[in-house]
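# Results of the structural survey
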Amino acid sequence: MIYFKINSIVYSTGFAIFAVFFGCGNVIFSIQTGILETNNIFISIFGFFITSVIIPFLGFYSCILYNCNYRLFFSTLGKIPSFLLITFLIIMIGPLFAMPRTEVISYGSIVSYLPCVLKDKSFFCFFYCILVFFFTYSQVKIINILGNILSPIKIFPFLILIFFEFFFSEKNNFLILNNDVFKDSVFFGYGSMDLLGTFFLCSVLYNSFFLSLRSSLSIIEINKMFIFSCFFGYFIISVVYIFIILISHNHIYDLKYIIPEMHISVLSVLILDNFLGTIVNICVSISCLATVIALADVTADYIYKDVLNERVPRVFCLLFIILLTFLMSNFDFNFIVYLASPILNIIYPTLIVLSVFNVIYKITGFNIVKISFYFTILLCFIYSFIC
């Protein structure tokens, strides 16, 4: 009975990791990787995997070494730098970029099926933000909602697309070579922003995991089981990524000139008939809630506890996040990505270096974390000005 309970928690957490990190922004970037013009799509897959799967998993591992405590993880930089960096990252993965980006994709997926009143983007954003507030207001059973309810809804549409594409669709052949395809696919992986979210969402997932198993296992055993949950979650993400990239590559000419937020909707209708395409797009839109709920919860919790020191009710922090998300959601996907890209090109390599040297410091005691961190920032700034 205990063994069954442990397995249930481990796999449920793995599905929760899938639900949280496989946001619809990730789907769009995997589709954009698939429509890169190349005759070797596996180069694109490899480049995308480096920054969207392997590096976020490294982030998870480095966080586990610091007890999944992001405050402890960033403390190697010093008190003030770590506070400023954490606050900046929280805002990025919260209401500034990731949350509104996901809402925009949700809108693009189902706008064709909405009643007239909800076709107005501002009204849709308002309604969507109310739903996010409702689910996030109470912190009870968030991981259960993500793992047991929203992750099956999230994976269902992509299983349908994969089945119909590989059994019923005609295949296209390409004799095109793009020398920048690897670099482009790596930068698309940056756009997922999964590494940024890893440091904070890891603590949410681990806290629920630890509370569920602390009476049955030791801390070392819990950490090992959590690593397995992370591996399981990212294995599912990897498999789905591969199929989405292959599917979108097969429809490269149908998708190339479509705005990104409409990619999922167009792809669904191309592969399926109108009825099944509608079901898939509705499921995609609903599944966007999984990522946004988790991000809203983490962001509100940080502002409430760390920035404002619990001087105001948590609900006001949540309302501020929802308001900023609503304002940013009125922009289109490409504009949000345009604002985020120059920041990501600097912050992503820097966080990779921080993760690596934090692992080295934790395992060996050799500490050059600060030097490597600031040196990487300097190199990224120089590279951005030269290029």
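Refer to the structure presented above.
## Topic: the overall build of the protein
- Along the backbone of the protein there are 18 helices and zero strands.
- Residues classed as buried in the protein amount to 54% of the 387 residues present.
- When the accessible surface of the protein is summed, it comes to about 17,200 Å², and 71% of that surface belongs to carbon and sulfur atoms.

## As for the packing of aromatic side chains
- According to the stated counting rule, one finds 32 aromatic pairs in the structure shown.
- Relative to Phe 232, the ring of Tyr 11 has its centre 4.9 Å away and its plane inclined at 85°; by these criteria the two rings are edge-to-face. Of the two residues, Tyr 11 sits in helix H1 (residues 2-21) while Phe 232 sits in helix H12 (residues 219-250), which places them 221 residues apart along the sequence.
- On the basis of relative accessibility, which here comes to 35%, the residue Tyr 11 falls in the partly exposed class.
- Here Phe 232 falls in the buried class, since its relative accessible area comes to 18%.

## Here we look at the side chain of Ser 355
- Within the secondary structure layout, Ser 355 lies in helix H17 (residues 333-364).
- The exposure class of Ser 355 is buried, given its relative accessible area of 1%.
- Residues contacting Ser 355, with those up to four places away along its chain left out, are Leu 58, Gly 59, Ser 62, Phe 73, Leu 195 and Phe 199.

## Here we look at the pattern of salt bridges
- The final tally for this structure, using the stated rule, is three salt bridges.
- Salt-bridge contacts for Arg 314 lead to Asp 297; the nearest nitrogen and oxygen are separated by 2.9 Å. Remark: Asp 297 occurs in helix H15 (residues 274-307) and Arg 314 occurs in helix H16 (residues 314-329); sequence separation between them is 17 residues.
- On the basis of relative accessible area, Arg 314 is assigned to the buried category, the value being 14%.
- Since its relative accessible area comes to 6%, Asp 297 is described here as buried.
- Its salt-bridge partner being Lys 305, residue Asp 301 comes within 3.4 Å of it at the nearest N-O pair.

## Focus: the packing of helix H3 (residues 41-65) against H12
- For the pair H3 and H12, interaxial distance at closest approach is 10 Å and the crossing angle is 160°. Taken together, the axis directions place H3 and H12 in an arrangement best described as roughly antiparallel. Between H3 and H12 lies a crossing of right-handed hand. Of H12, the residues touching H3 (which contributes Ile 41, Ile 45, Phe 48, Phe 49, Ser 52, Val 53, Pro 56, Phe 57, Phe 60, Tyr 61 and Ile 64) are Asn 223, Phe 226, Ile 227, Cys 230, Phe 231, Tyr 234, Ser 238, Tyr 241, Ile 242, Ile 245, Leu 246 and His 249.
- Looking at the contact of H3 with H12 residue by residue, the class counts come to 19 nonpolar, four polar and no charged.

## What to know about helix H10 (residues 181-191)
- Along H10, the residues that are buried comprise Val 181, Ser 185, Val 186, Gly 189, Tyr 190 and Gly 191.
- Two residues or fewer past H10, Met 193 is found with a positive phi of approximately 60°.

## Focus: helix H18 (residues 369-386)
- Between its first and last C-alpha atoms H18 spans 26 Å; for 18 residues at 1.5 Å apiece the expected length is 26 Å, and the two agree.
- The set of residues buried in H18 consists of Val 369, Ser 372, Phe 373, Thr 376 and Cys 380. Around the axis of H18, the buried residues are gathered within 100° of arc, so they sit on the same side. When the buried face of H18 is taken as reference, the exposed residues oriented beyond 90 degrees from it are Ile 371, Phe 385 and Ile 386.
- Of the surrounding secondary structure, the elements contacted by the buried residues of H18 are helix H5 (79-96) and H17.

## Observations regarding the environment of Lys 119
- As for its placement among the helices and strands, Lys 119 is situated in helix H7 (residues 116-119).
- When the C-alpha atoms of Lys 119 and Tyr 107 are compared, they prove to be 8.6 Å apart, with twelve residues separating the residues in sequence.
- Setting aside residues up to four positions removed in sequence, Lys 119 forms contacts with Tyr 107, Val 111, Ser 112, Tyr 113 and Leu 114.
- Side-chain polar atoms of Lys 119 contact the backbone oxygen of Val 111, separated by 2.7 Å.

About the cut-offs
- Residues numbered from 1 in each chain as written.
- Predicted model: local features only at pLDDT ≥ 70, side-chain atom pairs only at ≥ 80, totals over all residues.
- Heavy atoms only, no water.
- Helix = DSSP H or I, 4+ residues; strand = E, 2+ residues; numbered from the N terminus.
- Buried < 20%, exposed > 50% of the residue type's maximum accessible area, 1.4 Å probe, protein only.
- Areas by Shrake-Rupley, 256 points an atom, 1.4 Å probe, with all protein chains shown as cover.
- Phe/Tyr/Trp six-rings, centres within 6.5 Å; stacked < 30°, edge-to-face > 60°.
- Contact = heavy atoms within 4.5 Å.
- Salt bridge = Lys/Arg side-chain N within 4 Å of Asp/Glu carboxyl O.
- Axes fitted to C-alpha atoms, helices over the stretch in contact; angles between N-to-C directions.
- Parallel < 35°, antiparallel > 145°, perpendicular 65-115°, else oblique.
- Left-handed = near helix turned anticlockwise from the far one by under 90°.
- Nonpolar A, V, L, I, M, F, W, Y, C, P; charged D, E, K, R; others polar.
- Expected span 1.5 Å × (residues − 1).
- Arc of directions from axis to C-beta.
- Polar contact = N/O pair within 3.5 Å; in protein donor to acceptor, adjacent residues only side chain to side chain.

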